[in-house]
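# Coordinates in review
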Amino acid sequence: LINNAGFSASAKFSDTPWDSVAGELQLMVTAVTELIHRAIPGMKQRGWGRIINLSSLAAMSPPGEGLLYTGIKSYVLNMSQSLD
């Protein structure tokens, strides 16, 4: 499984309409998490599998720009490390 979908809103979180925030979360958090969850049973059954989650250097950036992207990419990085 390779999770590589994503986009980034250019507006600050506080200025972004909820529909856009929800779409960003759906694509880059919920979908990533669901795909991993659905892929694992087949990997366990086969006794083999790989999951590659592409994050971003933004995951290691200090907070402060008010963008949701940094927090989302931190989630992807931390989830990947916890699954490892």
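Structure: above.
Residues numbered from 1 in each chain as written. Predicted model: local features only at pLDDT ≥ 70, side-chain atom pairs only at ≥ 80, totals over all residues. Heavy atoms only, no water.

### Examining the overall build of the protein
For the protein, the helix and strand inventory stands at 2 helices and 2 strands. Put simply, the protein runs from its N terminus to its C terminus through helices and strands in the order β-α-β-α. Once the C-alpha set of the protein is aligned to its principal axes, its extents read approximately 45 × 25 × 15 Å. Residues classed as buried in the protein amount to 24% of the 84 residues present. Looking at the protein as shown, the accessible area adds up to about 5800 Å², and 58% of this sits on carbon and sulfur atoms. Side-chain charges in the protein split into 6 positive and 6 negative, and the spacing between the mean points of these groups amounts to 15 Å. (Helix = DSSP H or I, 4+ residues; strand = E, 2+ residues; numbered from the N terminus. Buried < 20%, exposed > 50% of the residue type's maximum accessible area, 1.4 Å probe, protein only. Areas by Shrake-Rupley, 256 points an atom, 1.4 Å probe, with all protein chains shown as cover. Lys, Arg positive; Asp, Glu negative; His and termini not counted. Charge placed at Lys NZ, Arg CZ, Asp CG, Glu CD.)

### A word on the layout of surface pockets
Roughly 210 Å³ of internal volume is contained in the largest pocket. In this structure, the largest pocket is lined by Ile40, Met43, Gly49, Arg50, Ile51, Ile52, Asn53, Ser80, Leu83 and Asp84. When residues of the lining of the largest pocket are traced back to their parent elements, those giving at least two are helix H1 (18-46), strand E2 (52-53) and helix H2 (68-83). Looking at the lining of the largest pocket, its residues break down into 5 nonpolar, 3 polar and 2 charged. (1 Å grid on protein atoms, 1.4 Å probe; cavity = no way out; pocket = protein on both sides within 12 Å on 5 of 7 lines; lining within 4 Å. Points joined across faces, edges and corners; volume = space filled by probe spheres on them. Nonpolar A, V, L, I, M, F, W, Y, C, P; charged D, E, K, R; others polar.)

### Thoughts on the side chain of Ser74
As for its position among the elements, Ser74 is in helix H2. Polar contacts involving the side chain of Ser74 include one to the main-chain carbonyl oxygen of Ala59, which spans 3.0 Å. For Ser74, the side chain forms a polar contact with the main-chain oxygen of Thr70, separated by 3.0 Å. (Polar contact = N/O pair within 3.5 Å; in protein donor to acceptor, adjacent residues only side chain to side chain.)

### A word on the environment of Leu35
Considering the arrangement of structural elements, one finds Leu35 in helix H1. The exposure class of Leu35 is partly exposed, given its relative accessible area of 41%. Taking the C-alpha atoms as reference points, Leu35 and Leu1, separated by 34 residues in sequence, lie 8.0 Å from one another. Sequence-distant contacts of Leu35, that is, excluding residues within four places in its chain, are made with Leu1 and Asn3. (Contact = heavy atoms within 4.5 Å.)

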